[in-house]
Amino acid sequence: MRKMLAAVSRVLSGASQKPASRVLVASRNFANDATFEIKKCDLHRLEEGPPVTTVLTREDGLKYYRMMQTVRRMELKADQLYKQKIIRGFCHLCDGQEACCVGLEAGINPTDHLITAYRAHGFTFTRGLSVREILAELTGRKGGCAKGKGGSMHMYAKNFYGGNGIVGAQVPLGAGIALACKYNGKDEVCLTLYGDGAANQGQIFEAYNMAALWKLPCIFICENNRYGMGTSVERAAASTDYYKRGDFIPGLRVDGMDILCVREATRFAAAYCRSGKGPILMELQTYRYHGHSMSDPGVSYRTREEIQEVRSKSDPIMLLKDRMVNSNLASVEELKEIDVERSLEPGRWRMQ
Amino acid sequence: MAAVSGLVRRPLRQVSGLLKRRFHRTAPAALQVTVRDAINQGMDEELERDEKVFLLGEEVAQYDGAYKVSRGLWKKYGDKRIIDTPISEMGFAGIAVGAAMAGLRPICEFMTFNFSMQAIDQVINSAAKTYYMSGGLQSVPIVFRGPNGASAGVAAQHSQCFAAWYGHCPGLKVVSPWNSEDAKGLIKSAIRDNNPVVVLENELMYGVPFEFPPEAQSKDFLVPIGKAKIERQGTHITVVSHSRPVGHCLEAAAVLSKEGVECEVINMRTIRPMDMETIEASVMKTNHLVTVEGGWPQFGVGAEICARIMEGPAFNFLDAPAVRVTGADVPMPYAKILEDNSIPQVKDIIFAIKKTLNI
């Protein structure tokens, strides 16, 4: 009996190899789309905020999943390469923050503009560069997007202005790109990102002032991952309500671990700017699993328990996966295929 | 009959001869243009030529410019192209650089270059280095301009010369006009250049008129960046300078000429990239070198020229060590007598030349 069971199980597990599972997948009927509830955003100087429900199509869901998983795998690969000393210097990883880069991209057009600071690999990918070009740049090869002359913090693409190493300097630059958008009269917006640490830089307030004064189509985005290097937000800012720090600029606080929340908030903010009302501020509450950079283990100023808790309860990829599986937008096996695909040869996949 | 027709013909020839005569005209008076008006013209022409060019800075619009350099431009071009900024150097310099990255061609004015220190990170890290860091993908066609160096009685925090600081950085072009022709030609070249260009003007020169040659009156008149000009030919000594001190060098040369010493005065026009070819050729001819600048001596423009002379072919032609005439190594004092003695004067230049020539 046991032998027979063993044989049967072998056959069955053999049957669930790729060809069979593909047949299984094809024969299932997935929903085309599903409606999800998302967290209501805290608002500052706004009467209304983004909607609290959103529709996710199967196609979009798979696309976002694939993109987030690609960013995750790419960052983990960079971690490995850094430890092998094939990547040198600075390497700031964004695993944990995938919903931010993928969600923001989902809310804007490719003709819009984006600028960020040094934790930029995810954005470099979502803005259109291939993982191959990114890893080649990180490893100092001439096939890199900056021919190996820039490195981790200085990667550029069409309508993506880096990758900036000086904390806070990218914010006036972003306001300037927004000025060019308005000057050219093309209805484009500029997403100008900075971290919770940079939020205390004086030049950011100078940029807020001029952007509001001149009604620049600039979406200021504070990616708040709770730590500026090793300094927690409570130890750095007299006010940790980053979405209110724009004062006269309306703001919203967004759940940065939920890609749908980020997408809806971005759509809302972009529509606001495009209507000519001037700048708006978004705070994305998110979390990074790695330390500040590869030289930082990331556990001297925060607890392993905290990291573990976020990983198990709020991981952005897991959240999307659960939603999609539970509403029959995709199957577990299908998503697992994507996981495997993305882990094998990250260098092959351009953004799809 | 032939005799009669001959009589008729002659007067006709005489009449046509009369008609051929033109009125005698005197040559037109030489056109005098101040440095201020030259810069104004240059910017006006470039604003007209290219829609993407715009000017921003403190007081550039409704005030007509803190030193009236942008007089009339706001009235002509309006709010979109001539933008008054709040007092936020780091912010508006960054905004200007961002606009340049996105394809516009901003002219970013610093009221004086002393205030550019607040924004120097944007000039160097965001503007100068970007083309290189991006592997040639992202250019930054911006001009930073404003008065540089000593003025009159404005004391230490308002008198620093930034030629050496900006001249130090790869990725930047740095120009330093002396007269009106320089000013107009260089600002136009700077605006048309796709690289970040720092234009170091001089407040004391703004009101000084110079003769404007006819070619400088054309809308396409450009002075090439990276080329020095020999203002005065000479055989005994090469005197190299930039900005206002060029005038002092020419004065010194005039005095020395009476004593039989002929100085070759070179107006650098560009700090970076430096035109060493012109300087070397001159030193190889005269065998003596004096550099003159308003900035501090340590790590200055003159120091760089001397180092490069030593590294190049001209070293073997020197009959005496090169001498630098510079601003005094102190923060600029206020009292006139102290201030006068803190910048190179004509007598200091003459003294240095005579010392080099051992006369």
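Residues numbered from 1 in each chain as written. Chains lettered and ligands numbered in written order. Predicted model: local features only at pLDDT ≥ 70, side-chain atom pairs only at ≥ 80, totals over all residues. Heavy atoms only, no water.

Here the focus is the domain arrangement of chain B. Residues and elements named next belong to chain B. Domain assignment breaks chain B into domain 1 (33-217) and domain 2 (229-357). Inter-centroid distance (C-alpha atoms) of domain 1 to domain 2 is 26 Å. Opposite the 30 residues of domain 1 that make contact, domain 2 presents 25 residues. The largest share of the area that domain 1 buries against domain 2 comes from Gly153, Ser176 and Trp178, three residues that together contribute 26% of it. Where domain 1 touches domain 2, the interface holds two salt bridges. The partner of Arg269 in a salt bridge is Glu181, with the nearest N and O atoms 3.7 Å apart. Along the contact surface separating domain 1 from domain 2 lie 10 residue pairs in polar contact (both at pLDDT 80 or more). Those elements that place two or more of their residues in the side of domain 1 that touches domain 2 are α8 (163-167), β6 (173-175) and α9 (180-192). (Domains from an automatic or database assignment. Contact = heavy atoms within 4.5 Å. Buried area = accessible area lost by both parts, 1.4 Å probe. Salt bridge = Lys/Arg side-chain N within 4 Å of Asp/Glu carboxyl O. Polar contact = N/O pair within 3.5 Å; in protein donor to acceptor, adjacent residues only side chain to side chain. Helix = DSSP H or I, 4+ residues; strand = E, 2+ residues; numbered from the N terminus.)

Applying the stated criterion to the full structure yields 42 salt bridges over all chains. As a salt-bridge pair, Glu105(A) and Arg127(A) come within 3.0 Å of each other at their nearest N and O atoms. In this pair, Glu105(A) sits in helix α4 (residues 98-107) while Arg127(A) sits in the loop between α5 (121-126) and α6 (131-138), placing the two residues 22 residues apart along the sequence. The exposure class assigned to Arg127(A) is buried, which follows from its relative accessible area of 9%. Among the ionic contacts, a cluster of salt bridges with common partners joins Glu45(B), Glu46(B), Arg49(B), Lys184(B), Lys188(B), Arg192(B) and Asp220(B). (Buried < 20%, exposed > 50% of the residue type's maximum accessible area, 1.4 Å probe, protein only.)

Now for the UniProt feature "domain: Dehydrogenase E1 component" (unreviewed entry) in chain A. Under the UniProt annotation, "domain: Dehydrogenase E1 component" (unreviewed entry) lies at residues 67-341 of chain A. Helix and strand shares over residues 67-341 of chain A are 44% and 11% respectively, and the end C-alpha atoms of the span are 12 Å apart. (UniProt positions renumbered as here; feature names shortened; annotations may be inferred.)

Further remarks concern the interface of chain A and chain B. Contacts between chain A and chain B engage 25 residues on the former and 34 residues on the latter. Counting the surface lost from both chain A and chain B, the interface buries some 2,500 Å², and carbon and sulfur atoms represent 70% of this. For the interface between chain A and chain B, the tally reads zero salt bridges. Taken together, the elements giving at least two residues each to the side of chain A that touches chain B come down to α7 (170-184) and α8 (202-213) of chain A. Per element, the largest residue contribution to the side of chain A that touches chain B is nine residues, and it comes from α7(A). For the side of chain A that touches chain B, the residue count by class is 16 nonpolar, six polar and three charged. (Nonpolar A, V, L, I, M, F, W, Y, C, P; charged D, E, K, R; others polar.)

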